[in-house]
There are 2 protein chains.
Amino acid sequence: MIVGLLKESGNEQRIAFLPEIAARLVQQKVRVFVEKDAGLTAFQSNQLYEEAGAEIVSREEVLTKSDLLVQIGEPSPELVEQLGSDKIWLSQYNPLWNKNLVTQFLQKGITSFSMDSIPRTSRAQAMDVLSSMATVSGYKAVLEGASQLPNFFPMFMTAAGTIRPATVLVLGAGVAGLQAIAIARKLGAQVQAFDVRSAVKEEVMSLGARFVEVEGAKEDAAAGGYAVEQTEEFKQKQQQAINDHAAKADVVICTAQIPGRKAPVLLPKEAVERMKPGSVIVDLAASSGGNCELTQDNETVVHHGVKIIGQSNYPSLMPVDASKMYGKNVFNFLELLIADDGSLNLNFEDDIVAGTCITHQGEVLNSRVKSLFGELIDI
Amino acid sequence: MIVGLLKESGNEQRIAFLPEIAARLVQQKVRVFVEKDAGLTAFQSNQLYEEAGAEIVSREEVLTKSDLLVQIGEPSPELVEQLGSDKIWLSQYNPLWNKNLVTQFLQKGITSFSMDSIPRTSRAQAMDVLSSMATVSGYKAVLEGASQLPNFFPMFMTAAGTIRPATVLVLGAGVAGLQAIAIARKLGAQVQAFDVRSAVKEEVMSLGARFVEVEGAKEDAAAGGYAVEQTEEFKQKQQQAINDHAAKADVVICTAQIPGRKAPVLLPKEAVERMKPGSVIVDLAASSGGNCELTQDNETVVHHGVKIIGQSNYPSLMPVDASKMYGKNVFNFLELLIADDGSLNLNFEDDIVAGTCITHQGEVLNSRVKSLFGELIDI
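A brief structural summary.

Reading guide: rules and limits
- Residues numbered from 1 in each chain as written.
- Chains lettered and ligands numbered in written order.
- Predicted model: local features only at pLDDT ≥ 70, side-chain atom pairs only at ≥ 80, totals over all residues.
- Heavy atoms only, no water.
- Phe/Tyr/Trp six-rings, centres within 6.5 Å; stacked < 30°, edge-to-face > 60°.
- Helix = DSSP H or I, 4+ residues; strand = E, 2+ residues; numbered from the N terminus.
- Least-squares fit on C-alpha atoms with pLDDT ≥ 70 in both.
- Contact = heavy atoms within 4.5 Å.
- Salt bridge = Lys/Arg side-chain N within 4 Å of Asp/Glu carboxyl O.
- Buried < 20%, exposed > 50% of the residue type's maximum accessible area, 1.4 Å probe, protein only.
- Polar contact = N/O pair within 3.5 Å; in protein donor to acceptor, adjacent residues only side chain to side chain.

Here the focus is the packing of aromatic side chains. Residues and elements named next belong to chain A. Counting across every chain of the model gives ten aromatic pairs over all chains. Ring centres of Phe113 and Phe333 lie 5.4 Å apart, and the angle between their planes is 65°; this geometry places the pair in the edge-to-face category. Residue Phe113 is located in strand 6 (residues 111–114), and its partner Phe333 is located in helix 11 (residues 319–334); the two are separated by 220 residues in the primary sequence. Feature note: the residues Trp89, Tyr93 and Phe105 constitute an aromatic cluster, connected by ring pairs.

Structure representation (structure tokens):
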């Protein structure tokens, strides 16, 4: 089969896989078509892809001749409109937020996979783009916070006196949050972390951070590692604890998200107004509404001297290693779809293939997407 | 006496001392006048200075009523023109580069001190603004490099494969360079450092970096800890070594400076062209010409995909802690000038007072300034 690698649109600087992955696909007897200049924003020249055995072709040619099309971002409706019904689409297209796109794939009969729907099982870990990209986001969020803060992160004991370490509060201790904790600790900050899932307490503490505890949280082991909605009473206690800690923090890093839902507001306006002028909030949940009430997606706003940075796509700002990780995830997934002779092998008996497949021959396969709005779709 | 704290001009965001230092001066029976809004860019309100016992007054009043005027940046000729000859001026005004300013102070009979001329003795360490600000610069340079690099600094071993650590090359292992090494190491990068002074090798190695050695350097213990000019032959060998290491580096941090001279060019155009696209050069020597041939002061240029950041004033971009350190240095120095009853005590028997004083009653006191152009000045 032919795998076609598309250039991203908008501000996205990553690419779905680097030349090293193109070479591995070629080894597996797959032909790789790469859209001309697709890798430039990630510092990967056409020549590097050619040296890896890929063919540099026009966008038109990638779209018409490839069997399987790969990119990172969600496709525009115009792009999907151009695709033949025999195509297989693979990107991270956020089906839980994109009912129109799911509908369009269904109507056209296109088989579509979304990398954000990879099951969170251990066999699928090597394909989990949410985890790998969250690693990038957690790392970059700390660098951003440290760069914007008018203070040092580490403590300094100098001839001219002592500089106190910065205090960083991390909201949500998933992959991004844990990474943020680790990097903030490496830079010498004092770190506190909050999460409704008490199971993460030990991980937080093992990284050298303090765990902010609020009694009475509801937990759900069946939620696939995500946090679940909480009661009103708990939310009030939680809010008080967060507000009190935020007031003393120099940097707050927001990472709490609930899949397919608006992100929980953990940092209301009042909490921001209690923070010190010069403090910084980095909100990784910006694209799903933000954990801070004042967050604007893709913007930096200043309120009472507190800088609030709404940035959900840090991976795009670190395009080489983010593309490297994304590409390895894609390759590990594609291996499930490639037969020994390099042809396509769509084996829906495989739980990862079935779980990641959103639409196939006019049906919604992914159970989460199906339960959210699968039956509401009228095709 | 009255110490007057002036608002900085231009883009400078620091202030020469924070309210905590105002309080300590007041304790020493000194009146402190603070120009209205002087602290705002460093997140210090007028109220905070008032609570510390300082008086918030107009710029006019600070300039006319204070005995000793303090700021960080060099004064404009217009400002010096306004000053009465009885005033004492204290800032970091770079007399070795500012013959006109020195001349103006001489002509007006103003007693001027420049914080960058504090002798580099151990007693003066607590007043050494070059060291404290270099600490800030080294820290910020690494954050900048890490933020701009399209790769991680640390190594990651993830389910989806291994990410190699970044390689950072630090040119010049003075205070800024050593700080940069320490922070880059904390962030998990592999670090190499180059310096013509072999005496710093052990310090470099103790921080976990590799020392790039070039045989045959000329050293001068009398140069006050600064590097000295080298022979042509040595420079060629040195250039080859630097070029080879830069070609493999992801980030190069340039910190080499020679006081009163143009910074040495250590990274010529050819070296930049051998670097990987996406690499980053942070040049702290930008304001004195830069260690990289392509550096533009206060600008970021991209050459062959390599980003070259010319920034010599990172302390201004971290104004709270930088002002805190600068202010402690200033206070420690001012203590030498304040008598028990809070009056002015200009004791030129003190080597720090004498060494830091550039002009006094129409004469150049500082020996380095005097030897550089003291006799060329015609008043």
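What follows covers the relation of the copies chain B and chain A. Superposing chain B onto chain A takes a rotation of 180° combined with a translation of 0.0 Å along the rotation axis, leaving an RMSD of 0.0 Å. Such a combination of turn and shift is consistent with a two-fold rotation axis. Within chain B, Lys186 of chain B has its C-alpha nearest the rotation axis, a separation of 2.9 Å. Most of the interface of chain B is mirrored in chain A: 100% of its interface residues are interface residues there too.

We now examine the pattern of salt bridges. All names here are of chain A. The final tally for this structure, using the stated rule, is 30 salt bridges over all chains. The residue Glu12 makes a salt bridge to Arg14 at a minimum N-O spacing of 2.7 Å. Look at Glu12 and you get buried, because its relative accessible area is 13%. Note that Glu55 and Arg31 form a salt bridge whose closest N and O atoms lie 2.7 Å from each other. Taken together, the residues span a long stretch of sequence, with Glu55 in strand 3 (residues 55–57) and Arg31 in strand 2 (residues 31–35) at a distance of 24 residues. Note on Glu55: relative accessible area 28%, which makes it partly exposed. For Arg31, a relative accessible area of 42% puts it in the partly exposed group. Put simply, Arg123, Asp350 and Asp351 are held in one network by salt bridges that share partners.

Residues and elements named next belong to chain A. Within the secondary structure layout, Arg14 lies in the loop between strand 1 (2–5) and helix 1 (19–27). Among the polar contacts listed, one links the side chain of Arg14 to the side chain of Glu12, at a separation of 2.7 Å. Among the polar contacts listed, one links the side chain of Arg14 to the side chain of Asn313, at a separation of 3.5 Å. Non-local contacts of Arg14, meaning those with residues more than four positions away in its chain, are made with Glu8, Thr41, Ile72, Met133, Asn313, Pro315, Ser316, Pro319, Ala322, Ser323 and Tyr326.

Residues and elements named next belong to chain B. Positioned with a positive phi, Asn94 is a non-glycine residue whose angle comes to about 55°. As for its placement among the helices and strands, Asn94 is situated in the loop between strand 5 (88–91) and helix 5 (99–108). With phi around 60°, Asn298 is a residue other than glycine that occupies positive phi space. Here Asn298 is to be found in the loop between strand 13 (280–283) and strand 14 (300–303). By relative accessible area, which is 56% here, Asn298 ends up exposed.

Read these as geometric descriptors, not functional statements.
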